[in-house]
Amino acid sequence: MRELRAEHLTKRFGKTTALDDVTLSFEHGKIHALLGRNGAGKTTLLGIASNRLIPTSGQVLVDGEPVTDNPRALAKVFCTGNVQMTPLSMCVDDLIRHMGRFYEGFDVKRALRLAKMFELNMKAKTGALSTGYRSICQLVMALSLDVDYLLLDEPVLGLDAAHRDLFYRLLMEDYLERGRTVVVATHLIEEVATLVERVAIIDEGRLLMEASADELRASGYSVSGRAEDVRAYCEGLKVLGIDELGSLAMAYVQGEPVRERLTDRLDVAPMSLQKLFVELTGKGE
Amino acid sequence: MKLKAAIRYQAVELVQCAAVFCLVIGAIVLVVGMFSIANEAHFMVSAMGVLPYVFMPLLALSVYACDTGFLLRMGLTRSQVLASTAASFAAACLLLALVEAACAAVIPQWALNQSLFLMGHGPQNGPLLDFLFMFLGCAAASAVGLAFAALQMRFGTRRVVLIALAVLIVTSNQLNPRAVSDGWAWLFALTPGASLANPFVFFVAVTALGLLVTWAVSRRYEVR
Amino acid sequence: MNIDPAKDVPLFVQIAEQIEEDVFTGVYVEEDRIPSTNELSALLGINPHTVLKGMNILVDEGIIYKRRGMGMYVQAGAAEKVRAKRRSAFDERYVAALVAEAKKLGLTKDQVVNLIEKGYDHA
């Protein structure tokens, strides 16, 4: 089976548990969103998948092979992110040259063209780039590679609106051309909502939900009205959260609206992915 | 492909550093030599041959962490990183040894004033053994440097330096300085009766040990 | 095309609706080639599988069809089909909602009919 798969993946850093027995699969040939708040474990998961980190227990499999220190599996994966791993004094054009040597199928011309589109300074040192350009530099490398699995950790961190647009467009073009697997780890859900086919949500190191983007979108709704009406409606349902404002209330409910319980005095509205995500992951706040 | 690219990347970097180092040393020797001739004074820098053994570990300390991160980023496994590092340091050591042997063969003063091995054992041992001594010596020094770099990456600079200092102080207090210097002399075959093979065996052992420690410590290295 | 991910209608349904609308209003006439999945996907920044899902609704309804290796084309009589479909949906989609809102507002049947007549005269 062609997939990138985490199996009972656990990672501890000293006393903190970053990933706690996570099992999930990113099927080949699809764009996946890996959603989670800061510190949810997204970067740790991708770090293990790219051999930057070593799992405490469990494993990540690429097309059935464990990825950790396995050259064959590693040749299929590339992960971008905010961890500085290139020598600070290495220039962008040197990095591009080296990429061509380390990765079979790296398209140097494409990298140069993309860099130009993003106005990335070729002579700049990778260690001296701003956050936005550091992201861009990595995205340029990623989009010029021929690997099967692209893992993009917060790809638009620090990018302005125009560059973000450009990146999403290029990513879509790349995907249409090659049909490879892309995993976008982010907390900006609405931005990737139309782009992705599957969504996995992790929170506090655990997998919360794995679904298609459409399923996820239809998996929650909001009910608003007078507080007592809302509370009566919610009786026995899976309520993610309730906002109360004086005598009014708005409840976020998982599942389908219950037609029999709806009255004229209650308003049902769809829940945006963003809101659903906040309610799903915002417990205890 | 990746291992080849990695060796190319690291070896070029290290050999360049070693070449610059040779040029700097050469310039110093030359300038001081000319100065002493001009002044008719017998003023000489001697035993510059010791510097490579200082230079290589420093080089190891300064590049290992950075290179490891970069190579892991480029999709190499940890064993490939160590293999590439070892091969590249070997290349740099090779350069230094070649330069040393060439100097010993060409410059008449070299054997008497600069080369550690020939100064200790006499010029009759020739450039070949001098070459081997320098190569293995630098390799051993590099391996020790790499081991320290790996320990530093794993446990943090402060802990490694403190523990190393503590070990050094304790052992130097415990051991009889006389015995230590005798031991060193025996290891380097400077005492009569000691085999000339001793230093070579010693260097090989230190290299192996250093690489072993490096491997053991950085086998599960992570970039956080 | 205007696709809004924040709407409660799933994206693929929105895509189907939009193409259907274009067929209905004559943007695409019979036997016209409509943009391919990939073209729409690149244009709108929407996952091609989602676009395809929307297209497949229209294929099932006989509004568009696939020519092997050529792309998607508007079926003969597609506009008529859409019109018929919309007519039959008119009741559920507009009348039911109108009546419900009218009842909430306490409007009588006659008042509503009056308003509709007035609306017709103005349009």
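Quick summary incoming for the structure in this document.

### Here we look at the overall build of chain B
- Along the backbone of chain B there are 9 helices and 0 strands.
- Along its sequence from the N terminus, chain B presents helices and strands in the succession α-α-α-α-α-α-α-α-α.
- The globule rule puts the C-alpha radius of gyration for 224 residues at 17 Å, and the 19 Å found for chain B is close to it.
- The principal-axis extent of the C-alpha atoms belonging to chain B is close to 60 × 45 × 30 Å.

### Focus on the sheet that holds strand E2 (residues 16–27) of chain A
All names here are of chain A.
- Read from one edge of the open sheet, 4 strands run E2-E1-E4-E5, paired in antiparallel fashion. In this open sheet, the two strands that pair with only one neighbour each are E2 and strand E5 (65–66).
- Note: strand E4 (residues 57–62) against E5, 2 bridges, orientation antiparallel. Within E5, the position partnered with Leu61 by the bridge is Pro66.
- The strands touched by helix H1 (residues 42–49) within the sheet are strand E1 (3–13), E2 and E4, with E1 carrying the most contacts at an inclination of about 115°.

### Describing the interface of chain A and chain B
- Contacts between the two partners involve 30 residues from chain A, matched on the other side by 24 residues from chain B.
- For the pair chain A and chain B, the summed buried area comes to about 2400 Å², and 61% of that belongs to carbon and sulfur atoms.
- A per-residue breakdown of the area chain A buries against chain B is headed by Met85, Arg101 and Phe102 of chain A, which together make up 32% of the total.
- Linking chain A to chain B there are 2 salt bridges.
- The partner of Arg78 of chain B in a salt bridge is Asp69 of chain A, with the nearest N and O atoms 3.1 Å apart.

### Focus: the packing of helix H6 (residues 126–155) of chain B against helix H9 (residues 198–218) of chain B
Residues and elements named next belong to chain B.
- For the pair H6 and H9, interaxial distance at closest approach is 8 Å and the crossing angle is 25°. Accordingly, the angle class assigned to the pair H6 and H9 is roughly parallel. Between H6 and H9 lies a crossing whose hand is left-handed.
- Class assignment of the residues belonging to the contact of H6 with H9 gives a composition of 20 nonpolar, 5 polar and 1 charged.

### Thoughts on the interface of chain A and chain C
- Every contact between the two is made by 15 residues of chain A and, on the other side, 15 residues of chain C.
- For the chain A and chain C pair, buried surface summed over both sides reaches about 1400 Å², with 60% attributable to carbon and sulfur atoms.
- The largest share of the area that chain A buries against chain C comes from Leu176, Thr194 and Asp214 of chain A, three residues that together contribute 39% of it.
- Where chain A touches chain C, the interface holds 1 salt bridge.
- Between Asp214 of chain A and Lys53 of chain C there is a salt bridge; the shortest N-O distance is 3.1 Å.

Here is what the cut-offs are and how they apply
- Residues numbered from 1 in each chain as written.
- Chains lettered and ligands numbered in written order.
- Predicted model: local features only at pLDDT ≥ 70, side-chain atom pairs only at ≥ 80, totals over all residues.
- Heavy atoms only, no water.
- Helix = DSSP H or I, 4+ residues; strand = E, 2+ residues; numbered from the N terminus.
- Rg over C-alpha atoms; globule rule 2.2 N^0.38 Å.
- Pairing = 2+ DSSP bridges.
- Contact = heavy atoms within 4.5 Å.
- Axes fitted to C-alpha atoms, helices over the stretch in contact; angles between N-to-C directions.
- Buried area = accessible area lost by both parts, 1.4 Å probe.
- Salt bridge = Lys/Arg side-chain N within 4 Å of Asp/Glu carboxyl O.
- Parallel < 35°, antiparallel > 145°, perpendicular 65-115°, else oblique.
- Left-handed = near helix turned anticlockwise from the far one by under 90°.
- Nonpolar A, V, L, I, M, F, W, Y, C, P; charged D, E, K, R; others polar.

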